Structures are given as structure tokens and as C-alpha cells.
Amino acid sequence: MPLLKRIHKEIKVRSLRPLVLSLAVLPFALTAHTAVAGAASEADQLNTQISEAAEAEEQSGFIAGANLSTSLSGEGQDDIDGYPTFTYDLDSGSFSAFVGYQTKRNNRIKLAFESRSFGFEGTSEEETATGLRLDWDFVYGKSKVHPFWSIGFGSYRLSDPLILEDTSIEGEDLSGFSFQLGLGVKIDLNKKAELSLGFERQAIGWQEVEITGRYDVSIQSIYAHNSVSAGVLLHF
């Protein structure tokens with residue numbers, strides 16, 4: 001073979017070797033790249049989960065706040081021995097201040113002091129009840145607007161009830177027990193404060209009292225109302 005042809009052939013072989021080597025290594029490089037990308041994705045997911053868990057941990061803790069409510073409708077009922085049940089319309093409004101705890105699942109347990117007024121159709125007189133109530137709020141969602149529902153009970157004292165006027169026990173207070181259900185939304189204002197808008201159905205059953213005198217009778221009253229409320233909650 002002439003010398004020039006041998007040199008030319010050797011140059012072609014040497015120039016092909018890097019290409020062949022690159023083609024052989026390419027599958028391994030692609031596999032390694034895929035593995036690295038998968039590991040990076042898993043690491044990002046893990047970091048996200050850790051961040052969410054840390055955020056939830058930060059959000060759990062003590063809370064405090066206040067609520068105002070006004071009734072949309074209400075009804076009173078007096079059961080008097082030997083007489084038909086007497087029913088009447090009533091209005092109600094309240095102010096309450098509470099302390100509590102928010103769990104890692106964003107649910108809340110609240111203990112509140114509440115002052116509630118009652119007005120009655122056909123009279124300008126009012127009654128006032130004060131008491132303690134315990135409520136559980138079950139909150140859903142991770143956006144800034146959280147729907148919730150609540151359940152609770154309370155213990156109240158009714159001052160100077162009108163039903164006892166002109167009786168042998170006029171001026172005495174009545175104690176009562178309440179049960180309430182509610183629903184609404186909580187709106188995050190920032191990381192430390194939120195606004196709450198809700199609807200609640202509450203019924204308060206007052207103790208049975210015995211009235212003696214010209215007629216001896218027992219009386220038991222129930223107040224029930226549907227109310228809307230607005231409140232502010234602070235995280236600590």
C-alpha cells in the first residue's frame with residue numbers, strides 16, 4: 001500500500017475513535033442525568049414537606065380574641081304547669097372574649113366569657129345573661145380562607161328574669177345550660193391575626209323554678225336564636 005494511502009486511512013480511524021467512544025458513553029450519561037434529576041426532585045419534595053411541617057408547628061399554640069354577634073331570629077318558650085306552652089319572639093346580641101389553643105391540624109379549642117342580652121317583642125325591657133362557653137372549631141383548607149364548623153356548650157346566669165316579676169321569687173337569678181352549633185369562614189389577615197365570620201344556632205335551657213303563693217306552679221323557659229357573628233383571633 002502506498003505510504004500516502006496508509007497515512008490517510010490511519011487519520012480516518014483515529015478521527016472516528018472519539019465519536020465511537022462518545023456514542024458508547026452516552027447511555028450511561030443519560031442514565032446518570034436521570035438519576036440525579038430524580039434525586040433532586042425527591043429532595044425538593046422532602047424540603048417542601050419539612051417546610052410545611054415546620055409551618056404547621058409554628059402555627060400551633062395559644063390564641064385569644066373577641067366576637068360580636070346579633071340575632072337574625074329568636075324564640076322564647078315558657079312551660080308552665082297546667083297551662084299551654086307560651087311562645088314569643090326575642091332578639092339577642094352578645095359580646096365575648098376568649099382564650100384557647102390551636103392544634104397542629106388548625107382546629108381550635110376556645111373558652112369564652114360571654115355577655116348576652118335578650119329583648120322581647122311588645123316590651124322595651126331587656127334581660128342580660130353572662131356565662132362561660134366552651135367551643136371546638138374544626139377548620140379545613142390551607143388557603144387564606146378556611147371554612148369551619150363548630151360545636152359547643154355553655155353555662156349562663158340570667159339576671160332579674162322578667163318571668164319572675166311579681167312572684168314570690170322576684171329578683172332571683174336563673175342558671176341555664178346552652179348548646180350551640182355553628183359554621184362560617186376564617187380569613188387570614190397575616191400570620192398572627194385572622195377574621196372570623198359565622199352563623200350560629202344556640203339554645204339555652206333555664207332551670208325550672210317553683211312559684212308559691214295564690215297558685216303553686218313550676219316554670220321552665222328555653223331561649224333559642226339564630227345569629228351572625230364577626231370576630232378577630234390573634235396567634236401567640
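Small disclaimer: the values here were computed from a predicted structure and weren't measured. Each chain has its residues counted from 1, following the order in which its sequence is written. Only residues with pLDDT of 70 or above have their local features reported here, since the model is predicted, and side-chain atom pairs are shown and tallied only from 80 upward, although totals for entire chains, interfaces and linings are computed over all residues. Side-chain numbers come from the whole structure's heavy atoms, not from hydrogens or water.

A. Highlighting the side chain of Ser71. As for its placement among the helices and strands, Ser71 is situated in strand β1 (residues 61–80). The residues contacting Ser71, other than those within four sequence positions of it, are Asp91, Ser92, His225, Asn226 and Ser227. Runs of E in the DSSP output that reach at least two residues are strands. Runs of H or I that reach at least four are helices, and both are numbered from the N terminus. Note on contacts: a residue pair qualifies if any of its non-hydrogen atoms lie within 4.5 Å across the two residues.

B. Geometry of a nonpolar patch on the surface. A cluster of nonpolar side chains, contributed by Leu72, Tyr140, Trp149, Phe153, Phe177, Phe179, Leu181, Leu183, Phe199 and Val228, occupies part of the molecular surface with about 960 Å² of accessible area. Top element by residues in the nonpolar patch is strand β6 (residues 174–188). It accounts for four residues. Relative to the helices and strands, Tyr140 resides in the loop between β4 (126–139) and β5 (145–159). To count toward a patch, a residue needs a relative accessible area over 30% and no salt bridge; like charges are then connected within 9 Å, while nonpolar side chains (Val, Leu, Ile, Met, Phe, Trp, Tyr) are connected within 5 Å. Computed with the Shrake-Rupley method and a 1.4 Å probe, the accessible areas treat only the protein chains shown as cover for residues. Counted as salt bridges are all cases of a side-chain nitrogen of Lys or Arg within 4 Å of a carboxyl oxygen of Asp or Glu.

C. Region of interest: the pairing of β5. If DSSP finds at least two bridges between two strands, the strands pair. Of the strand pairs in this sheet, β4 and β5 are connected by twelve bridges, and their pairing is antiparallel. Within the sheet, the bridge partner assigned to Asp135 lies in β5 and is Gly152. Counting the residues between successive antiparallel strands, the hairpin from β4 to β5 contains five residues, one of them, Gly141, with a positive phi of roughly 90°. Alignment of β5 against β6, held across 14 bridges, turns out to be antiparallel. Residue pairing in the sheet places Tyr156 in a bridge with Gly176 of β6.

D. Region of interest: the pattern of salt bridges. Scanning the entire structure with this criterion turns up seven salt bridges. A salt bridge links Lys110 to Asp137; the shortest N-O distance between them is 2.9 Å. In this pair, Lys110 sits in strand β3 (residues 108–120) while Asp137 sits in strand β4, placing the two residues 27 residues apart along the sequence. In this structure, Lys110 and Asp137 share a single accessibility class: buried. Salt-bridge contacts for Asp137 lead to Lys186; the nearest nitrogen and oxygen are separated by 3.3 Å. Of this pair, Asp137 sits in strand β4 while Lys186 sits in strand β6, and the two are 49 residues apart along the sequence. Each residue gets one of three labels from its accessible area relative to the maximum for its type: buried under 20%, exposed over 50%, partly exposed in between, using a 1.4 Å probe on protein chains only. On the accessibility criterion, Asp137 (3% relative accessible area) is buried.

E. The arrangement of unusual backbone geometry in detail. We note that Asn106 has phi near 75°; this positive angle belongs to a residue other than glycine. Topologically, Asn106 is positioned in the loop between β2 (86–102) and β3. For Asp166, which is not glycine, the phi torsion reads 60° and is therefore positive. Summarising the element assignment, Asp166 is placed in the loop between β5 and β6. With relative accessibility at 75%, the residue Asp166 sits in the exposed group.

Just geometry here; none of it tells us what the structure is for.
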